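Each chain, written out:
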Amino acid sequence: MSDESDFESDIGSLSDHDDDDNVSESDEELDNEIDTKKRKNSDNKKDKKNNKKVKQNDIKTDTKISNGITVHTKQTTTNNNNNNISVNNIPPPTIETDFTKGGPITTEASAKKLIISYLKQQNRPYSALQVYDNLHKRIQKPTVERVLNNLSEEKSNPNELSELKCKEYGKAKIYYYNQDKMMNELKNAPSIDELDQVINTLNENVNKKTQELK
């Protein structure tokens with residue numbers, strides 16, 4: 001009788017161990033399944049993130065008064081297709097020259113060229129001392145004064161315009177780029193309607209790219 005009870009006890013204990021083994025195996029399978037799903041979700045997120053990455057060159061926009069009113073449009077290049085945005089043949093971006101950098105100017109011809117370019121770029125009035133300081137003293141002060149005076153002299157030919165204009169206020173002299181020459185150069189500048197079209201086209205391209213990346 002005791003043998004039968006012991007036997008039943010042993011069977012019961014084996015049954016309990018089987019149940020424990022089944023539970024542990026099912027837990028392990030569940031954990032493995034969860035880990036697999038997590039890895040898949042992580043991989044999917046990485047794929048989506050990589051798909052949204054579009055390598056793009058720097059977009060430069062330069063719209064300002066420089067050499068007259070020079071309007072530059074944005075130019076974008078992606079790694080998928082090289083599309084240069086160009087509207088109404090408006091020129092692509094150009095890097096504005098920093099005339100304050102460079103070595104000393106030793107010739108008067110170079111000084112004339114630099115001063116004309118600087119005053120045309122800035123398109124605002126300056127005194128001789130301001131031009132001298134703003135160009136970081138690349139040109140000697142007497143040379144600056146002499147060049148400014150020479151460039152602002154009226155031409156003998158009425159159809160020929162001087163590069164600069166000079167206004168005197170007592171003892172002070174103010175120099176600026178000749179606005180008549182500026183207006184002549186603006187004749188080839190884009191109109192307001194053309195600029196509006198550029199803006200609309202660029203906005204459409206931005207919206208299109210934004211939708212593609214969603």
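Residues numbered from 1 in each chain as written. Predicted model: local features only at pLDDT ≥ 70, side-chain atom pairs only at ≥ 80, totals over all residues. Heavy atoms only, no water.

A. Up close: the overall build of the protein chain. Looking only at helices and strands, one finds six helices and four strands in the protein chain. Start at the N end of the protein chain and walk to the C end: the helices and strands fall as α-β-β-α-α-α-β-β-α-α. For the protein chain, restricting intrachain contacts to residue pairs at least 6 apart in sequence, the fraction spanning at least 24 positions comes to 48%. About 15,800 Å² of surface is accessible on the protein chain, with carbon and sulfur atoms providing 46% of the total. (Helix = DSSP H or I, 4+ residues; strand = E, 2+ residues; numbered from the N terminus. Contact = heavy atoms within 4.5 Å. Areas by Shrake-Rupley, 256 points an atom, 1.4 Å probe, with all protein chains shown as cover.)

B. Looking closely at unusual backbone geometry. Phi is positive for Asn-123, close to 50°, though the residue is something other than glycine. As for its position among the elements, Asn-123 is in the loop between helix H2 (108–122) and helix H3 (128–134).

C. Structural detail: the pairing of strand S4 (residues 172–177). Relative to S4, strand S3 (residues 164–169) is paired through six bridges, and the arrangement is antiparallel. Following the sheet pairing, Lys-167 is matched in S4 by Ile-174. The loop that links S3 with its antiparallel partner S4 comprises two residues; one of these, Gly-170, has a positive phi angle of about 70°. (Pairing = 2+ DSSP bridges.)

D. Seen up close, the pattern of salt bridges. Under the definition given, this model contains five salt bridges. Close ionic contact of Lys-165 with Glu-154 constitutes a salt bridge, the shortest N to O distance being 3.0 Å. Of this pair, Lys-165 sits in strand S3 while Glu-154 sits in the loop between helix H4 (141–151) and S3; the two residues are 11 residues apart in sequence, bridging distant segments of the chain. Ionic pairing is found between Glu-212 and Lys-209, a salt bridge with its closest N-O pair at 4.0 Å. Here the residue Glu-212 and the residue Lys-209 both occupy positions in helix H6 (residues 192–213), the gap between them amounting to three residues, near one helical turn. Lys-209 sits in the partly exposed class, given a relative accessible area of 32%. (Salt bridge = Lys/Arg side-chain N within 4 Å of Asp/Glu carboxyl O. Buried < 20%, exposed > 50% of the residue type's maximum accessible area, 1.4 Å probe, protein only.)

E. Focus on the nonpolar core. Within the largest apolar cluster, 22 residues are counted, with the highest numbers of intra-cluster contacts made by Ile-115, Leu-119, Val-131, Leu-135, Ile-139, Val-144 and Leu-148. When residues of this core are traced back to their parent elements, those giving at least two are H2, H3, H4 and S4. Counting residues per element, this core draws most heavily on H2, which supplies six residues. If near-sequence neighbours (up to four positions away) are discounted, Val-131 is found in contact with Ile-115, Leu-119, Tyr-126, Val-144 and Leu-148. (Core = buried A, V, L, I, M, F, W, Y, C linked by side-chain atoms within 4.5 Å.)

F. Structural context of the environment of Gln-122. Within the element layout of this structure, Gln-122 appears in helix H2. Residues Gln-122 and Tyr-176 lie 54 residues apart in sequence; the distance between their C-alpha atoms is 9.0 Å. Side chain to side chain, Gln-122 and Gln-121 meet in a polar contact 2.8 Å long. (Polar contact = N/O pair within 3.5 Å; in protein donor to acceptor, adjacent residues only side chain to side chain.)

G. Looking closely at the confidence of the model for the protein chain. The predicted model of the protein chain averages 74 in pLDDT, with 58% of residues at 70 or higher. In the model, residues 54–85 has pLDDT below 50 throughout and makes 70 contacts with residues more than four positions away in sequence or in other chains. (pLDDT = per-residue confidence, 0-100.)

H. Geometry of the environment of Ser-117. Relative to the assigned elements, Ser-117 resides in helix H2. Taking relative accessible area as the criterion, Ser-117 reaches 24% and is therefore assigned partly exposed. Along the chain, Ser-117 and Phe-99 lie 18 residues apart, while their C-alpha atoms are 8.2 Å from each other.

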